[in-house]
Each structure stands twice: as structure tokens, then as C-alpha cells.
Amino acid sequence: MLWKDNYELGVPEIDAQHKELFRRVESFLQVLRSEDSWEKRVPKLNETLEFMKKYVVEHFRDEEEYQKSINYPGYEAHKQRHMGMVNYVQEVSRRYEQSNNNEDLMQEFGGRLLSWLINHVAAEDQLIAEYAKKKG
Amino acid sequence: MVHKLYKEFVDATQKVFNLMLNISDISEHPAEDFKCEDEVDIAVGVVGDLQGKVIYRFPVSTSLNMVNIMSGMEFDAVDIFVASAISEIANIISGNVMMALSGKNIVCDILPPEQCKLDGDDGEYEIATSCCIHTTIGKICLEIRLNRAA
């Protein structure tokens, strides 16, 4: 399982979105790493990539709204990190389309996404939870 | 300065291993402890008040263990996916160090990580130090090669 209980922030709406994000990324990685031919994997990967492009933006927006609602002091820096990831997903997606579904590009994206997501939720998002708890 | 930087990198590695991989048993040792013939080397360039690079030397077994823990899947060889996941970890550790340094009025930025071939001595560096970090899933070697901006 990609999701670990210690990633929970204690904010039900954000935790539910994180779990959904992890579930989708896990399913994406399983298809990406399966032994089926690349041609067979492409439709499912493309479908997940399209979902991710939309869902990541929605989730980041909701998370930023929550940060604003609690006056989180790291809001601007956190927003910059979200924007960096959104730009990266869009850039990879564009290059992937242009390359006619190049596998190496998607493997590189999968590896980076795995580390980025875990660090973002296990480390950076936890700072929001710590601040909210301290604030009461 | 050398000691301050060295400590920031060790602390950041410890923090990232703890939070991302749930590994807290980490200790630092002299670089001579690091002996590895089969490794993934990732260079992260540094620009700003300090200029140069930091090279992260991950043995293949350490790399695979890290990705196996994060993904919950079984990886048995370093491929594009594994190298990319490991590169991002080097990027995250370096980013944390730059953040810590900015609080001490040392302002630097990092360049995207690149897989590299370790070169012995690629120039003169004012700050040149290395260390070996032991963890329960393997060792890592950090090579810090930096100059203060003129």
C-alpha cells in the first residue's frame, strides 16, 4: 500500500483527497510497472494522467483554501510548491503527447511523482497540521 | 563553514529518511567507510551565495530498498523510474538544506538533479568534504563541493 496512516493530517476533507490521490497514483504505478506490452498499458495510463491533471489542481486549490482559512504562515511557499508540480505535470503531459506516448518519459515521471507525493504529504503537509493543532 | 554545511546535509538526510521512509536509525561515518562499485550517482548543482554541487552516491541496493519502501512494490534493478525517484530524493534533501541555510542568511538555489558519473577531482573547491551515512537499508555517501560566491 502506498498510503500510510501516519500521513493523515486530521482534516477529514483533505485526508480523503490525499487517500484518493494515493489510490490513483498507486493504480497508475501498478499499470506503469506491469509486464504487459507498452501498447496495452497506454490507454489506462493516459486515462489516469488525464484524471491526475484535473484532480491535482482541484486538490491543491482546496488545500490552499484550507491554509488561508487558518492563516497558515507558509501559505505562499506551499502554493509555489503546488504550482511547481502542476507545471511539471502539464509539461510532461505535453511532451508525452508530442512524443506519441514515449515510455521512458512516463517511467521518469512515475519515479519523480512517487517521491514528490510522499515528501509533500508526509513532510510538507504535516507542517499545516502541526500549525492547526498549535493554533487550536 | 565546512562543519556547518556538513551538518545541514546530514540533518536533512536524516529528516527525509525519517519522514519519507520511516527510518530513524541513521548515523554518520567517515567517507572512507563507503565502499561501493555499483552505485547511482546524482549531482545537484548549487547557485547563489554558494556555487558548485553536491553529489549523492546511492549504492544500487540502497536505491532499490528506498524505492521498494516508498512504492510498496518490488524493484530489482535500477531503471529510469528508480533513478528518477532517487534523483527527486536528492532534490528534496538539497532543497531542505537550502531552506535551512536561508535562515542563516546564506541564499542559494538548486538546479535540477542529474545522474552523473563520479569524477575524482573536477576542480578546486573551497568547501570540499564528504561523509558516509549508515541507515538500516544501506549506506549513502555525500560529496559536497562548493565555493563561496566572489
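Just above sits the structure.
Described below are features of the structure shown in this document.

About the criteria used
- Residues numbered from 1 in each chain as written.
- Chains lettered and ligands numbered in written order.
- Predicted model: local features only at pLDDT ≥ 70, side-chain atom pairs only at ≥ 80, totals over all residues.
- Helix = DSSP H or I, 4+ residues; strand = E, 2+ residues; numbered from the N terminus.
- Contact = placed C-beta atoms within 7 Å.
- Buried ≥ 20, exposed ≤ 12 C-beta atoms within 10 Å, placed from the backbone.
- Expected span 1.5 Å × (residues − 1).
- Nonpolar A, V, L, I, M, F, W, Y, C, P; charged D, E, K, R; others polar.
- Core = buried A, V, L, I, M, F, W, Y, C linked by C-beta atoms within 7 Å.
- Pairing = 2+ DSSP bridges.

**Some remarks on the overall build of chain B**
Thinking step 1. Each helix and strand counted, chain B has 3 helices and 7 strands in total.
Thinking step 2. Counting helices and strands in the order they occur from the N terminus, chain B gives α-β-β-β-α-α-β-β-β-β.
Thinking step 3. When its C-alpha atoms are laid out on the principal axes, chain B stretches across 45 × 30 × 25 Å.
Thinking step 4. A separation of at least 24 residues holds for 65% of the contacts in chain B among residues at least 6 apart in sequence.

**Topic: unusual backbone geometry**
Residues and elements named next belong to chain A.
Thinking step 1. Unlike most non-glycine residues, Asn 71 shows phi in positive territory, near 55°.
Thinking step 2. As for its placement among the helices and strands, Asn 71 is situated in the loop between α2 (38–69) and α3 (75–98).
Thinking step 3. Of the residues examined, Asn 71 has 9 C-beta atoms within 10 Å and is grouped as exposed.

**Quick look at α3(A)**
Thinking step 1. For α3(A), built from 24 residues, the straight-helix expectation of 34 Å at 1.5 Å per residue is met to within 8% by its first-to-last C-alpha distance of 35 Å.
Thinking step 2. Immediately beyond the C-terminal end of α3(A), within one or two residues, lies Asn100(A), with a positive phi of roughly 60°.

**Examining the interface of chain A and chain B**
Thinking step 1. Each side of the interface is counted separately: chain A has 17 residues, and chain B has 16 residues.
Thinking step 2. The element contributing the most residues to the side of chain A that touches chain B is helix α4 (residues 103–135) of chain A, with 13 residues.
Thinking step 3. Of the residues that constitute the side of chain A that touches chain B, the class distribution is 8 nonpolar, 5 polar and 4 charged.

**Let's talk about the nonpolar core**
Residue and element names in this part refer to chain B.
Thinking step 1. Membership of the largest hydrophobic core comes to 53 residues, with the highest contact counts inside it found for Val 16, Met 70, Val 82, Ala 85, Ile 86, Ile 89 and Leu 142.
Thinking step 2. Of all the elements, helix α3 (residues 80–102) adds the most residues to this core, at 10 residues.
Thinking step 3. Once you skip the residues sitting within four places of it in the chain, Leu 142 turns out to touch Phe 9, Val 54, Tyr 56, Ser 130, Cys 131 and Ile 133.

**Considerations on the pairing of strand β2 (residues 39–48) of chain B**
Side chains on a regular strand alternate between the two faces of the sheet.
Residue and element names in this part refer to chain B.
Thinking step 1. Where β2 and strand β3 (residues 50–59) come together, 8 bridges link them in antiparallel fashion. Looking at β3, one finds that Val 46 is bridged to Gly 52.
Thinking step 2. Counted between consecutive antiparallel strands, the loop separating β2 from β3 contains 1 residue.
Thinking step 3. The sheet contact formed by β2 and strand β5 (residues 114–116) spans 3 bridges and is antiparallel.

**Considerations on the environment of Leu21(B)**
Residues and elements named next belong to chain B.
Thinking step 1. Locating Leu 21 in the fold gives a position in helix α1 (residues 2–21).
Thinking step 2. Judged by C-beta crowding, with 20 C-beta atoms within 10 Å, Leu 21 ranks as buried.
Thinking step 3. Through-space distance from the C-alpha of Leu 21 to that of Val 67 is 9.2 Å; in sequence the pair is 46 residues apart.
Thinking step 4. Those residues in contact with Leu 21, other than ones at most four positions away along the chain, are Met 66, Ile 69 and Met 70.

Any functional reading would require information beyond the geometric quantities listed.
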